[in-house]
Amino acid sequence: QVQLVESGGGLVQAGDSLRLSCAASGRTFSFYRMGWFRQAPGKEREFVATISRSGGITSYADSVKGRFTISRDNAENTVYLQMNSLKPEDTAVYHCAATTTGSIWWDPMQYDYWGQGTQVTVSS
């Protein structure tokens, strides 16, 4: 079992930055590939970014590429999402998730553990 707790969301203006954190507890954090997903009202949960167990490989949704950066600190059992140049369409609840699978990492169904989410609202 892994418990995940997100923090760092808030209300910002377009063009601002936010840094989300996801603290993990339970089983060894470095066993898991980590991902960030988001869900806007009335929409399906969508992939944002993922990072490999060691942190050496990252992947991003096209909609956030070049603006968002995922990173992790295995010593601190934490994964981060640095979000720059935020847009109103980034408004959503952001969830971190953990998986032991190394493939199809953009599919939320592949993730075993989820945090409760943190709200990000970007005003125009």
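Residues numbered from 1 in each chain as written. Predicted model: local features only at pLDDT ≥ 70, side-chain atom pairs only at ≥ 80, totals over all residues. Heavy atoms only, no water.

Section: the overall build of the protein
Going by this rule: Secondary structure follows DSSP: runs of H or I at least 4 residues long count as helices, runs of E at least 2 residues long count as strands, and numbering of each begins at the N terminus. The rule is simple: take the accessible area with a 1.4 Å probe, protein chains only, and divide by the maximum for that residue type; under 20% is buried, over 50% is exposed, in between is partly exposed. Here the Shrake-Rupley method, with its probe set to 1.4 Å, supplies the accessible areas, and only the displayed protein chains count as covering residues. Positive charges are assigned to Lys and Arg, negative charges to Asp and Glu, while His and the chain termini are left out of the count. Charged groups are reduced to one reference atom each: NZ for lysine, CZ for arginine, CG for aspartic acid, CD for glutamic acid.
A count of helical and extended segments in the protein gives zero helices and eleven strands. Traced from its N-terminal end to its C-terminal end, the protein shows the element sequence β-β-β-β-β-β-β-β-β-β-β. Overall, the protein is about 40 × 25 × 25 Å in size when its C-alpha atoms are taken along their principal axes. When burial is assessed residue by residue, the protein has 43% of its 124 residues classed as buried. With the model as given, the accessible surface of the protein reaches about 6200 Å², and the carbon-plus-sulfur share is 48%. Measuring between centres, the 11 positive side-chain charges of the protein sit 4 Å from its 11 negative side-chain charges.

Some remarks on the nonpolar core
The nonpolar side chains of a soluble globular protein tend to be buried, and buried together. We count it as follows: By nonpolar core is meant a set of buried Ala, Val, Leu, Ile, Met, Phe, Trp, Tyr and Cys residues that side-chain atoms within 4.5 Å join together. Throughout, a contact is declared for two residues whenever any of their heavy atoms are within 4.5 Å.
Of all hydrophobic cores here, the largest spans 34 residues; its most connected members are Met34, Trp36, Val79, Leu81, Met83 and Tyr94. Secondary-structure elements contributing two or more residues to this core are strand 1 (2-7), strand 3 (18-26), strand 4 (33-39), strand 5 (46-51), strand 7 (68-73), strand 8 (78-83), strand 9 (92-99) and strand 11 (118-123). Looking at which element gives the most residues to this core, the answer is strand 9, with five residues. With residues near it in sequence (within four places) discarded, methionine 34 still touches Leu4, Cys22, Phe29, Ala49, Thr50, Ile51, Ile70, Arg72, Val79, Ala97, Ala98 and Tyr111.

Comments concerning the state of the cysteines
Heads up, the rule is: Criterion for a disulfide: a pair of cysteine sulfur atoms at a distance within 2.5 Å.
The tally for this structure, following the rule as stated, stands at one disulfide. Here cysteine 22 engages in a disulfide with cysteine 96; their sulfurs sit 1.9 Å apart. Judged by the torsion about the S-S bond (50°), the cysteine 22/cysteine 96 disulfide is right-handed. Taken together, the positions of cysteine 22 in strand 3 and cysteine 96 in strand 9 put the pair 74 residues apart, joining distant regions of the chain. Both residues of the pair, cysteine 22 and cysteine 96, belong to the buried class.

Brief notes about the environment of serine 52
The line we're drawing: Within 3.5 Å is the distance limit for a polar contact, defined as a pair of N or O atoms, with the added protein rule that one can donate a hydrogen and the other accept it, and that residues adjacent in sequence qualify only through two side-chain atoms.
Among the secondary structure elements, serine 52 is positioned in the loop between strand 5 and strand 6 (58-60). Distance from serine 52 to arginine 33, taken between C-alpha atoms, is 4.8 Å for residues 19 residues apart in sequence. Among residues more than four places away in sequence, those in contact with serine 52 are Arg33, Ile57 and Arg72. In this structure the side chain of serine 52 is engaged in a polar contact, spanning 3.2 Å, whose partner is the backbone nitrogen of glycine 56.

Focus: the pattern of salt bridges
Going by this rule: Definition used for salt bridges: Asp or Glu carboxyl oxygen within 4 Å of a side-chain nitrogen of Lys or Arg.
The tally for this structure, following the rule as stated, stands at four salt bridges. Arginine 38 is the salt-bridge partner of glutamate 46, the closest N and O atoms lying 2.6 Å from each other. In this structure glutamate 46 comes out as partly exposed when scored by relative accessible area, which is 35%. Overall, arginine 38 belongs to the buried group, its relative accessible area being 6%. Here aspartate 62 ties to lysine 65 by a salt bridge, and the two come within 3.1 Å at their closest N and O atoms. By relative accessible area, which is 66% here, aspartate 62 ends up exposed. Salt bridges sharing common partners tie together Arg38, Glu46, Arg67 and Asp90.

It is worth stressing that arrangement in space is one thing and function is another; only the former is reported here.
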